[in-house]
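# Report on the structure
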Amino acid sequence: MMDCDLCLKAPWIIPVEPRGQVLYDHAVLIRDGRIAALLPQAAAPAAAHTIDLPGHVLLPGLVNAHTHAAMTLFRGLADDLPLAQWLNEHIWPAEGRHVNGDFARDGSALAALEMIRGGTTCFADMYFFADETARVATSAGLRAAIGLVVIDVPTAWARDPEEYLSRGIALCDRWRHDPLITPMLAPHAPYSVSDDTLTQIRVRADELDIALHMHIHETAGEITQSLHSHGVRPLARLDRLGLVHANLMAVHMTQLTTDEIALCAERGVSVVHCPESNLKIAAGICPVTALTRAGVNVALGTDGAASNNDLDMFGEMRTAALIAKGTSGDATAVPAAVALEMATLNGARALGLCDDIGSLVVGKSADLIAVDLGAPSTQPVYDPLSQLIYAASRDQVTHVWVAGRPLLRDRQVLTLDETAIIGRAAAWRDKIRASDHGGLS
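To start, this report covers the structure provided alongside it.

Rules of the game
- Residues numbered from 1 in each chain as written.
- Predicted model: local features only at pLDDT ≥ 70, side-chain atom pairs only at ≥ 80, totals over all residues.
- Heavy atoms only, no water.
- Helix = DSSP H or I, 4+ residues; strand = E, 2+ residues; numbered from the N terminus.
- Salt bridge = Lys/Arg side-chain N within 4 Å of Asp/Glu carboxyl O.
- Buried < 20%, exposed > 50% of the residue type's maximum accessible area, 1.4 Å probe, protein only.
- Phe/Tyr/Trp six-rings, centres within 6.5 Å; stacked < 30°, edge-to-face > 60°.
- Lys NZ or Arg CZ within 6 Å of the ring centre and 35° of its normal.
- Contact = heavy atoms within 4.5 Å.
- Axes fitted to C-alpha atoms, helices over the stretch in contact; angles between N-to-C directions.
- Parallel < 35°, antiparallel > 145°, perpendicular 65-115°, else oblique.
- Left-handed = near helix turned anticlockwise from the far one by under 90°.
- Nonpolar A, V, L, I, M, F, W, Y, C, P; charged D, E, K, R; others polar.

Another aspect to go through is unusual backbone geometry. Following Asn308, the chain continues into Asn309 via a peptide bond in cis, with omega recorded as 25°. Of note, Asn309 is situated in the loop between β13 (297-300) and α11 (313-328). Between Gln379 and the following residue, Pro380, the backbone shows a cis peptide bond with an omega angle of -10°. Relative to the helices and strands, Pro380 resides in the loop between β14 (368-372) and α14 (384-390). Even without being glycine, Phe129 reaches a positive phi, approximately 55°. As for its placement among the helices and strands, Phe129 is situated in the loop between β7 (120-127) and α3 (130-140). Positive phi, close to 50°, is recorded for Met253, a residue that is not glycine. Position of Met253 relative to the elements: it lies in the loop between β11 (248-252) and α8 (258-267).

Here you go:
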């Protein structure tokens, strides 16, 4: 008989590995924060604690492979605008007026609250005052890949590229041994970081053996600008600088040629698809079908709540599947099992964490969620995997665990003060609205 701390029983378990598998009337046994066994309920031994979840499906926690957590406080600030206008006329000026450590802390807490409620157990972030986001994540019990931003323009976080790098390396040293935090270097984008700075970033990333998290080929305008300024497309420029490799997380990638897709496949680049943000700012559509057929690892991200406007990975899975079908003219493109894999195991691969999270496999960390399929909108259940992608919503997530620790129980967040977090968000709204001379509704 196997000793375990927790036994979770459900009519359906989707382990993600192998792809498309559904286990019926099984149990997950958890010991010391790790998955000890998956076996039929009838064979499950006694546990210190057993939770029966009738009508539920158990699956790995979702991995949001690209966001800007603190920007939840800019949600709805400036909508329905092209990317350049949105950034230059609204977001960057607002950041200059308001972003500081308190902003990062309170915005990240709001994001953590939203993500836990929506079944996200790990997120890859890119924002200023990353220490605050890391502290919020660990306090909430979430995993986070913390991107240490580098950009050529001064902000409240740093004055110049040298200071961005020095502060980022210090943060990396501070957090790299934390069990929930994975530091990454996060150069903002090819158009906002010079060749000299990118070269320094490559050297530092190689020395530290950490990943690079970067917006690349987000819009057609970015390509035109690069051709004018550098004589080559952004990806070719990055390749010339030695940055196109297996530790690169290339976010957005809506503008790709066949040769660029082949290069990503050859070098082991991970692409992070943010379908709803790209649609909202009319940036373009990532060619997911061509990328996956070429063997490129494609993960999913929400982007920040200022451009999406939510951190809903269920929405991203459904949108990614539907866009792929519509753009390819192939109803079999990105089937439900692949969409779920993009939001779990592929995200873990992109972050270098697939040996520990992303699927329900014996020995991996017990990062998993329970989704109630008993709602009218997900009845009847012929295929729980299809219901998750095409019918379920994040509001049906009832339980969340990270390393066996419960973060959400019966839809109640256990690790954060929801009332206080929402109150601070409202205070920031009032402050931001007042400073913008009442121009916001």
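Following the structure, the description resumes.
Counted by the stated rule, this structure contains 25 salt bridges. Among the salt bridges present, the one from Arg349 reaches Glu341, with a minimum N-O distance of 3.5 Å. A residue is classified by how much of its surface remains accessible, and Arg349, at 36% relative accessible area, is partly exposed. Of the charged contacts, one joins Asp430 and Arg433 as a salt bridge, the two residues approaching to 3.4 Å between their closest N and O atoms. Placement of the pair is Asp430 and Arg433 together in helix α15 (residues 418-435), with a separation of three residues, close to one helical turn. According to the relative accessible area criterion, Asp430 is partly exposed, its value standing at 38%. Connected via shared salt-bridge partners are Arg34, Arg143, Asp356 and Asp367.

This brings us to the packing of aromatic side chains. Taken as a whole and judged by the stated rule, the model has four aromatic pairs. Here the aromatic rings of Phe103 and Trp428 are separated by 5.3 Å at their centres, their planes lie at 85°, and the arrangement is edge-to-face. Of this pair, Phe103 sits in helix α2 (residues 101-117) while Trp428 sits in helix α15, placing them 325 residues apart in sequence. Look at Trp428 and you get buried, because its relative accessible area is 8%. Ring plane angle 50° and centroid distance 5.0 Å describe the contact between Tyr127 and Phe128, whose orientation is recorded as tilted. Exposure class is identical for Tyr127 and Phe128. Each is buried. The positively charged end of Arg167 is found above the aromatic ring belonging to Trp157, 3.7 Å away from the centroid.

Bringing the environment of Leu73 into the picture now. Structurally, Leu73 can be placed in the loop between β6 (62-67) and α1 (83-98). Between the C-alpha atom of Leu73 and that of Glu266, which follows or precedes it by 193 residues, the distance is 39 Å. Setting aside residues no more than four positions away along its own chain, Leu73 makes contact with Phe103, Asp106, Gly107, Leu110, Ala425, Trp428 and Ile432.

Let us now look at the packing of helix α4 (residues 161-175) against helix α5 (residues 195-208). Packing of α4 against α5 brings their axes to within 11 Å, and their N-to-C directions diverge by 15°. The pairing of α4 with α5 is recorded here as roughly parallel in orientation. Considering only the axes of α4 and α5, their crossing is right-handed. Note on element contacts: α5 touches α4 through Thr197, Gln200, Ile201, Arg204 and Leu208, opposite Pro161, Glu162, Leu165, Ile169 and Cys172.

Attention shifts here to the packing of α2 against α15. For the pair α2 and α15, the least separation of the axes is 10 Å and the interaxial angle reads 130°. The angle between α2 and α15 places the two elements in the oblique class. By crossing handedness, the relation of α2 to α15 is classed as left-handed. In this structure, α2 uses Asp102, Phe103, Asp106, Ala109, Leu110, Leu113 and Arg117 to contact α15, whose residues at the interface are Glu418, Ile421, Ile422, Arg424, Ala425, Trp428 and Ile432. Looking at the contact of α2 with α15 residue by residue, the class counts come to nine nonpolar, no polar and five charged.

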